[in-house]
Amino acid sequence: MKETNMAPSVNLGALLRAELQEDAAHREDGLCVVGVFGKSSTQTGPLKESLVDALADKHVFSLFGGPEEGDSADSHIEAFYDQDSRVLYLLLSSVCDSRQLLRACRSLSAGIGHSDAHDFWKGLDRQHCLHLLYMFSVCHVLLLVHPSQTFDVTYDRLFRALDALRQKVLPLIRAAIKDCAVSKEWKLNCRPCPPRLLFVFQMNATLKVSGNGSDSGGNPDKPKKHSPRRRLQHALEDQIYRIFRKSRVLTNQSSNCLFTVPANQAFVYVIPAADKDPVSTLLAQLRSNCVLSEQDPAPVLTGPRRYQQMRRSARQPGSGGELSGLAMGGQLVDCSLKEFLWQHVELVLTKKGFDDSVGRNPQPSHFELPTYTKWVQVASRLYQILIANTDEELAELATKVQSQVKVLDGFLDADTKFSENRCQKALPLAHSAYQSNLPHNYTTTVHKNQLAQALRVYSQHARGVAFQRYALQLHEDCYKFWSNGHQLCEERSLTDQHCVHKFHLLPQPGEKPDMDHNPPIMNHNSRGRSTSSCNCGRKQAPREDPFDIHAANYDFYQILEEKCCGKLERIDFPVFQPSTPDPAPASDQVQRLPSEASGDGERLKEPSTAQSHTPGDTSLSLALSLGQSTDSLGTYGDGDGAENQVPPKRPSLIDRQPSTVEYLPGMTHSACPKGLLPKFSSWSLLKLGPAKSYNCHTGLEQPGFLPGSSFLLPWDLVIRSRSEEDAGLTEPLDGGPSSWPAPNKSLVGKRGSTGGLGRGRRRDDVARVFVGFEYEDSRGRRFISSGPDKIVKALGPGGAKDPATRVLNTDMPLYVPSPSQGRGLKPHFAQLARLFIVVPDAPLEITLNPQVQPGPPPCPIFHPEQTELALPPDGFWVLRFPYSYATERGPCFPPKENQPLSNYKVLRGVLRAATANPPPQ
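Thresholds applied
- Residues numbered from 1 in each chain as written.
- Predicted model: local features only at pLDDT ≥ 70, side-chain atom pairs only at ≥ 80, totals over all residues.
- Heavy atoms only, no water.
- Helix = DSSP H or I, 4+ residues; strand = E, 2+ residues; numbered from the N terminus.
- Buried < 20%, exposed > 50% of the residue type's maximum accessible area, 1.4 Å probe, protein only.
- Contact = heavy atoms within 4.5 Å.
- Areas by Shrake-Rupley, 256 points an atom, 1.4 Å probe, with all protein chains shown as cover.
- Pairing = 2+ DSSP bridges.
- Patch = residues over 30% accessible without salt bridge, like charges linked within 9 Å, V, L, I, M, F, W, Y side chains within 5 Å.
- Salt bridge = Lys/Arg side-chain N within 4 Å of Asp/Glu carboxyl O.
- Disulfide = S-S within 2.5 Å.
- Phe/Tyr/Trp six-rings, centres within 6.5 Å; stacked < 30°, edge-to-face > 60°.
- Axes fitted to C-alpha atoms, helices over the stretch in contact; angles between N-to-C directions.
- Parallel < 35°, antiparallel > 145°, perpendicular 65-115°, else oblique.
- Left-handed = near helix turned anticlockwise from the far one by under 90°.
- Nonpolar A, V, L, I, M, F, W, Y, C, P; charged D, E, K, R; others polar.

Draft legend 1. Expanded view of the overall build of the protein chain. When its secondary structure is counted, the protein chain shows 26 helices and 30 strands. Within the span of the protein chain, comprising 921 residues, buried residues form 45% of the whole. In the protein chain, the share of contacts with a sequence separation of at least 24, taken over all contacts with a separation of at least 6, comes to 74%. Surface summary for the protein chain: the accessible area is close to 47,300 Å², and the carbon and sulfur share equals 52%.

Here's what the structure looks like:
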């Protein structure tokens, strides 16, 4: 008997795939399909599963759920086929059940966002709706189970959403079942009949009715006709029918509705509350099941009891226990749950069908009682397009069905609807905040700042799950507004100024600017103008703010050279000489010798070493050949000892010929590849005339100099007497301590004789060189510096009194504050522009080796294309420094207000002097 009552349920998909062997006696009988869905509370026993167990009179579902259910929170349908009663039960488990809800909460990760969590829950809701639509399409009778005695009005919105979805997918369902062996009405309406919906409520324990059911309302002598539970059922029926009629879920014609309710039969059942004492409840059930009543002398039947036998036994007094609900005192007897359901199942099994249409001209609805084989054929196809989507033949229809599910959002996703409306109202406010106080054209920085302000305004008004989606739309809208004619050119000049034009293209060589082109074709312009002097400094002219090295260090000076200094004697620096018609710029992956690569890497890694050593170029400095650093360039030993310390030269660095195929795209500096030359030189070395062309009493007679600041600094160099010169002795004369005698001490000769410096001998032993570091600001104001923080000021006609040793033995700044600041708060800087050298007609060898570091480490050290350049005697020379400095990676911008100027400097050792052997007479 116990084994007979055990009948486990199976998953609906497994049932549809399995080939069930029916009894031959019932193979051609009709099949009634009953669907059970609804909500469950946190009570110990699941309500829906226990109802199916009671209806089938078998232990079908486990009380606490089996392990085969897994941890998935997805909706699923379980099936149980009772062949004896010809009823197929379908039980829907979804997120509305407490078990599935708990699994869904566990599956959510801890760091999931609000929008992602909302999408997760709404995905489960859409899945629940598709399963419900499936049950409304294959069932005859549906039981809605609710864990309380009050009707949940959210079902009204759910049923309206299901009805709208069903109307959308009807053509797809018709296409799926058109080949099934069912009637035309079924194929047309996509269901065997309009399903009848029944409601089952659970009585709350606080509203428990007494066992006798008497309720006289204060008059015990006049009992009422109906028990309180039945009156509650009638009240719920009236409430549900009125709600569904108002919302037009139920209409007069049942064939047009999602479901029907009977007009003259009960469609609400209230399960009475269980006893609070579980022990007494179990004893009462045991007593009612084991003790035979005196009115039922029939023996105990073996096997499953048929419905008629259960119906007769249920009507006998005392045999139904609490489910029979007998009332005393003349009240009508409350039926059991199985009797409540079976009065509707009988209409299906007897093929009478449901006639639930109302009104003056009710139209009969279609009805079909299929066999199990026909029902499985239709249910399998609907299962594939609505739930599973594993059949390749129906995959296209299933995809189309999924695309129609969005119709549910308007009914079920009220949160998203509210959030979208709120965010749509916030978008115009954010757009106004973005466009407020905007210039016609602006840069990326302004765009980002305005976008941040717009997002702040948007976040003050926008709410809900659509916040992120509309925030992305705000990003796109602001970017479209900016890029649609409001985008400013992002190119910066070499002085770190933005181009003022809107986004444009640069003209190709030989191409003219075209403003009507989209985008327009024009040159960069920052509207910045400055005044600069030519190579020799004798002519000033305004110049545009340059955007490339060629315009900054070559084009401007070439234009002025034609008008001023084109005929002057010059020393040309080596530049790239192509041997092919299409030379290419050198890439970053230039093949270097191992020694060169390691040496450059060390200079980049150790900025102090890069600053204190002269970079290895095509001609190494004399100091490096002597094994000394430039820190002691002023006072190295005499020539005899130096010659003994010269190491063997490395031909890989010195004697390497420049490339004629690849050129250097930037300027020469300490980190650039060896053997490459630029196409033009950013430096210029001119001869203004002989040494006597400079008058130390009047200074430089050039425009732009501040009063009294155009005098060069004297550099007196001591040379040997003629007899000693004939001996070929040389001594470094750089103005250092070793080249000057100590005060009150006589000069000691080689033979040990002492003697004072007479007037006649001083003219033979001392040569005077004039040196001047010239600075020039953007307004064309120029001055000579007598130190890192001092300007030459000669008040009398005698010229500058300060010696040049201070500027030659220290690092001179590349930028200094301009002595004439403007009215604005932004400081003006003067940049080192030229170096004037007056070399006398004397046996001196003046070596020029400028090295510039235009930025903090690891900025490389810039130098001309030829280093260690010897200046011929009897000449007035001027070295023009580059206007801007740039490497292959980009320009080196001038210093900002908060940057220390000490990082921008010209390394000491620019000039070195030594005595030279005179030609034999």
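Back to the text.
Draft legend 2. Structural detail: the pairing of strand 30 (residues 911–915). Within strand 30, 4 of the 5 residues are buried, leaving the element largely enclosed by the surrounding structure. Pairing analysis gives 5 bridges linking strand 23 (residues 844–848) to strand 30, with the strands arranged antiparallel. Within the sheet, the bridge partner assigned to Thr847 lies in strand 30 and is Arg912.

Draft legend 3. Fine view of a nonpolar patch on the surface. A cluster of nonpolar residues, Val279, Leu283 and Leu286, forms a patch on the protein surface that exposes about 280 Å² of accessible area. Of note, Val279 is situated in helix 8 (residues 278–290). Looking at Val279, the relative accessible area reads 52%, which means it is exposed.

Draft legend 4. How the structure looks around the sheet that holds strand 20 (residues 812–813). Strand order across the open sheet formed by 3 strands is 20-29-24, with antiparallel pairing between neighbours. Strands at the two margins of the open sheet, each flanked by one partner only, are strand 20 and strand 24 (852–854). Summarising the sheet, strand 20 and strand 29 (residues 904–906) pair through 2 bridges and their orientation is antiparallel. Considered in strand 29, the bridge of Pro813 is made with Lys905.

Draft legend 5. Looking closely at the environment of Phe836. Turning to its location among the elements, Phe836 is positioned in strand 22 (residues 829–839). As a C-alpha pair, Phe836 and Gly772 span 64 residues in sequence and 5.0 Å in three-dimensional space.

Draft legend 6. Representation of the state of the cysteines. Here the structure, examined in full by the defined rule, presents 0 disulfides. The thiol sulfur of Cys193 is not disulfide-bonded, and the nearest other cysteine sulfur, from Cys32, lies at 8.5 Å. For the unlinked cysteine Cys489, the closest cysteine sulfur is that of Cys499, found at 4.0 Å.

Draft legend 7. Here's a closer look at the pattern of salt bridges. As enumerated under the stated definition, the model contains 18 salt bridges in all. For Lys122, the salt bridge is made with Asp125, and the minimal N-O distance between the two is 3.5 Å. Of this pair, Lys122 and Asp125 are both found in helix 4 (residues 114–138), 3 residues apart, which corresponds to roughly one turn of the helix. Taking relative accessible area as the criterion, Lys122 reaches 15% and is therefore assigned buried.

Draft legend 8. Representation of the packing of aromatic side chains in the model. Inspection of every chain in the model, using the stated rule, returns 32 aromatic pairs. Considering the side-chain rings of Phe159 and Phe259, the 5.0 Å spacing of their centres and the 65 degrees angle between planes classify their relative orientation as edge-to-face. Remark: Phe259 occurs in the loop between helix 7 (228–246) and strand 7 (268–271) and Phe159 occurs in helix 5 (residues 154–177); sequence separation between them is 100 residues. Its relative accessible area of 0% is what places Phe159 among the buried residues. Overall, Phe259 belongs to the buried group, its relative accessible area being 0%.

Draft legend 9. The packing of helix 4 against helix 12 (residues 372–388), seen in detail. Contact geometry for helix 4 and helix 12: axes closest at 10 Å, N-to-C directions at 160 degrees. When the axis of helix 4 is compared with that of helix 12, the two are roughly antiparallel. Crossing angle aside, the handedness with which helix 4 passes helix 12 is right-handed. Along the contact surface, helix 4 presents Leu130, His131, Leu133, Tyr134, Ser137 and Val138, while helix 12 presents Trp375, Ala379, Leu382, Tyr383, Leu386 and Ile387. A per-class count over the contact of helix 4 with helix 12 returns 10 nonpolar, 2 polar and no charged.

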